[in-house]
Amino acid sequence: MSAPKLFQPFDVGGLALDNRIVIAPMCQYSAVDGEMNDWHLIHLGQLALSGAALLTIEATAVLPEGRISHADVGLWDDATQAAMQRVLDGVRRHSDMPIAIQLGHAGRKASTEVPWQGGAQIAPDAANGWQTVAPSALPFTPGTHAPMALDQAGIDRLRNAFVAAAKRADAIGIDAVQLHGAHGYLLHQFLSPLSNQRDDDYGGSLENRMRLPLEIFDAVRAAFPAHKPVTMRVSGPDWVEGGWDIEQTIAFAKALEARGCSAIHVSS
């Protein structure tokens with residue numbers, strides 16, 4: 001009798017997986033200045049002994065202002081890279097499970113308190129707070145501080161930051177990269193007409209709203225080794241009238257596939 005399909009080997013973009021169980025990224029809100037520590041070693045280490053096929057590091061900010069909270073993990077400089085390397089070295093001493101990383105930017109949902117302290121947005125002039133950015137200067141919820149709309153220089157810096165983080169991930173031996181284009185974070189903010197009200201090449205039509213996420217995918221795909229997969233997390237619909245929906249998700253998925261995306265992780 002053959003093994004159930006769940007436990008059969010699977011290939012994703014050239015990465016051989018022992019089965020079809022993938023551990024999704026789980027934010028821990030336990031980093032200091034973006035740097036991983038012993039908590040992350042324990043968290044990832046025990047998951048790496050689970051028998052799953054792939055372990056994914058939590059949403060990792062490509063810039064300091066891209067963190068959801070001040071306690072988020074980052075990969076934007078030598079210090080954050082070294083901290084992550086130390087954790088991965090510890091995990092790999094006891095597990096050969098492939099390890100992926102989810103790279104992202106929280107956009108207007110950044111600068112928040114940790115969940116057990118309420119998770120509210122922190123004002124830019126308060127401790128542990130900063131000015132957020134987004135496609136358009138629209139606050140996430142009424143009464144919260146409005147983000148600053150990204151100009152072309154900001155968009156270029158963002159794209160370069162994703163590329164730099166992907167190169168750092170490769171340097172420490174990460175096996176796959178997932179780009180976070182879901183959950184109302186920055187790439188999703190560009191995709192959704194609810195948060196993207198730009199009138200330039202990055203707003204308006206579906207083609208324009210997909211432009212930046214696809215540019216970032218192309219740049220990361222070009223920078224990350226060809227034999228390692230790059231995937232994308234997407235939200236199926238926004239569940240809000242006039243927002244991102246299944247039909248647009250399908251169009252986005254087709255555009256990603258044409259560019260060499262190895263898989264999409266559909267969330268909601």
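First, a word on scope: everything that follows refers to the structure included in this document.

About the cut-offs
- Residues numbered from 1 in each chain as written.
- Predicted model: local features only at pLDDT ≥ 70, side-chain atom pairs only at ≥ 80, totals over all residues.
- Heavy atoms only, no water.
- 1 Å grid on protein atoms, 1.4 Å probe; cavity = no way out; pocket = protein on both sides within 12 Å on 5 of 7 lines; lining within 4 Å.
- Points joined across faces, edges and corners; volume = space filled by probe spheres on them.
- Helix = DSSP H or I, 4+ residues; strand = E, 2+ residues; numbered from the N terminus.
- Nonpolar A, V, L, I, M, F, W, Y, C, P; charged D, E, K, R; others polar.
- Axes fitted to C-alpha atoms, helices over the stretch in contact; angles between N-to-C directions.
- Left-handed = near helix turned anticlockwise from the far one by under 90°.
- Contact = heavy atoms within 4.5 Å.

Section: the layout of surface pockets
Part 1 of the reasoning: Counted as a void, the largest pocket has a volume near 350 Å³.
Part 2 of the reasoning: V22, L54, Q178, T231 and A263 are, among the 20 residues lining the largest pocket, the residues nearest its centre.
Part 3 of the reasoning: Every element with two or more residues in the lining of the largest pocket is listed here: β1 (10-12), β2 (15-17), β3 (22-23), β4 (54-61), β8 (176-181) and β10 (264-267).
Part 4 of the reasoning: Tallying contributions element by element places β8 first for the lining of the largest pocket, with three residues.
Part 5 of the reasoning: Here the lining of the largest pocket is built from residues that sort into 15 nonpolar, four polar and one charged.

Section: empty space enclosed by the protein
Part 1 of the reasoning: This structure, assessed with the given rule, holds two cavities of 30 Å³ or more.
Part 2 of the reasoning: Counted as a void, the largest cavity has a volume near 80 Å³.
Part 3 of the reasoning: Taken together, 13 residues line the largest cavity, and the ones lying closest to its centre are A59, G66, I68, G104 and H105.
Part 4 of the reasoning: Per-element tally for the lining of the largest cavity: the top contributor is β4, with three residues.
Part 5 of the reasoning: Residues belonging to the lining of the largest cavity are distributed by class as follows: six nonpolar, five polar and two charged.
Part 6 of the reasoning: Counted as a void, the second largest cavity has a volume near 30 Å³.
Part 7 of the reasoning: Listed by contribution, the elements that provide at least two residues to the lining of the second largest cavity are α1 (38-47) and β4.
Part 8 of the reasoning: Class assignment of the residues belonging to the lining of the second largest cavity gives a composition of seven nonpolar, two polar and one charged.

Concerning the packing of helix α3 (residues 152-171) against helix α5 (residues 206-223)
Part 1 of the reasoning: At a minimum axis separation of 9 Å, α3 and α5 run at an interaxial angle of 35°. Viewed along their axes, α3 and α5 form a crossing whose handedness is right-handed. Packed against α3, whose contacting residues are I155, L158, R159, F162, V163, A166 and K167, the element α5 presents L212, E215, I216, A219, V220 and A223 at the interface.
Part 2 of the reasoning: When the residues that make up the contact of α3 with α5 are grouped by side-chain class, the tally is 10 nonpolar, no polar and three charged.

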